[in-house]
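Residue strings, one per chain:
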Amino acid sequence: MSDRVDQEQIRQWLLTDPLRLKCLSALSSMPHQPLYIAAGFVRNCVWDHLFGMGLTTPLNDVDVIFYASEQSQQEQQLQTLLQKAVPECHWQVKNQATMHLRNGHSAYSGCEHAMSYWPELETAVAVRLLDNFQLEFIAPFGLSPLLAGTITQNPKQDVKVFDQRIKSKSWLSIWPQLRVVRSGRGSGIS
């Protein structure tokens with residue numbers, strides 16, 4: 001599939017999920033823009049549809065990312081506003097301009113650059129709602145890995161981190177059809 005076809009399929013899945021549409025709509029009304037919802041919000045929705053889950057897998061949290069070089073209280077302010085807008089979700093808001101400090105990398109140039117270091121290719125997808133129910137995606141590795149039925153180690157990350165996340169997130173218990181793809185960097189379980 002091309003990324004355009006992939007985008008349309010994922011768009012349909014996200015916009016027909018009432019909670020996800022509510023979250024995307026709330027995010028689009030926030031004062032700081034652009035804001036994106038990333039990680040499990042998109043990944044889990046796609047996997048649920050790929051593997052024919054009868055019910056939507058519950059979201060542990062809703063990860064919001066943005067990039068603002070000025071240091072401020074935007075993360076907490078946005079998190080509070082989003083929590084009021086959609087209280088049934090646990091919101092996590094992170095400025096990607098500061099995440100390199102936590103991750104031990106040199107400074108990121110934007111959200112897509114920061115996401116290129118995320119442990120799995122399929123997790124490194126973010127989305128935001130535009131006018132007329134259009135979606136804008138950020139996906140440094142494209143959308144094809146997300147639709148491939150795999151969980152793929154980012155070659156920039158050590159396999160130990162990748163394997164620990166697979167175990168702690170219980171992805172193979174929830175979606176046993178997932179195929180694990182390791183890049184070979186580091187050592188871990190095979």
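This text goes with the structure placed above it.
Since the model is a prediction, treat every value here as computed from it, not as a measurement.

Draft legend 1. Seen up close, the packing of aromatic side chains. Under the counting rule described, the total for this entry stands at three aromatic pairs. Where W47 meets W171, the ring centres are 6.0 Å apart and the plane angle is 80°; that geometry is what we call edge-to-face. One end of the pair, W47, is in helix α3 (residues 40-50); the other, W171, is in helix α9 (residues 171-174), and 124 residues separate them in sequence. The same class applies to W47 as to W171, namely buried. Judged by centre distance (5.5 Å) and plane angle (35°), the rings of Y108 and Y117 are tilted.

Draft legend 2. Layout of the sheet that holds strand β2 (residues 62-66). With respect to topology, five strands assemble into an open sheet ordered β3-β2-β1-β4-β5, the strand pairing being mixed. Each edge of the open sheet is held by one strand with a lone partner, namely β3 (91-95) and β5 (135-138). Direction aside, neighbouring strands of the sheet carry axes that sit 30° apart on average. Where strand β1 (residues 36-38) and β2 come together, three bridges link them in antiparallel fashion. Pairing of A38 across the sheet is with D63, part of β2. With respect to the sheet, helix α2 (residues 18-28) is in contact with β1, β2, β3, β4 (126-129) and β5, its orientation differing from that of β4 by roughly 70°. The sheet contacts of helix α4 (residues 74-85) involve β2 and β3, and relative to β3 the element is tilted by about 155°.

Rules behind the numbers
- Residues numbered from 1 in each chain as written.
- Predicted model: local features only at pLDDT ≥ 70, side-chain atom pairs only at ≥ 80, totals over all residues.
- Heavy atoms only, no water.
- Phe/Tyr/Trp six-rings, centres within 6.5 Å; stacked < 30°, edge-to-face > 60°.
- Helix = DSSP H or I, 4+ residues; strand = E, 2+ residues; numbered from the N terminus.
- Buried < 20%, exposed > 50% of the residue type's maximum accessible area, 1.4 Å probe, protein only.
- Pairing = 2+ DSSP bridges.
- Axes fitted to C-alpha atoms, helices over the stretch in contact; angles between N-to-C directions.
- Contact = heavy atoms within 4.5 Å.

Any link to function would need more than the numbers given here.
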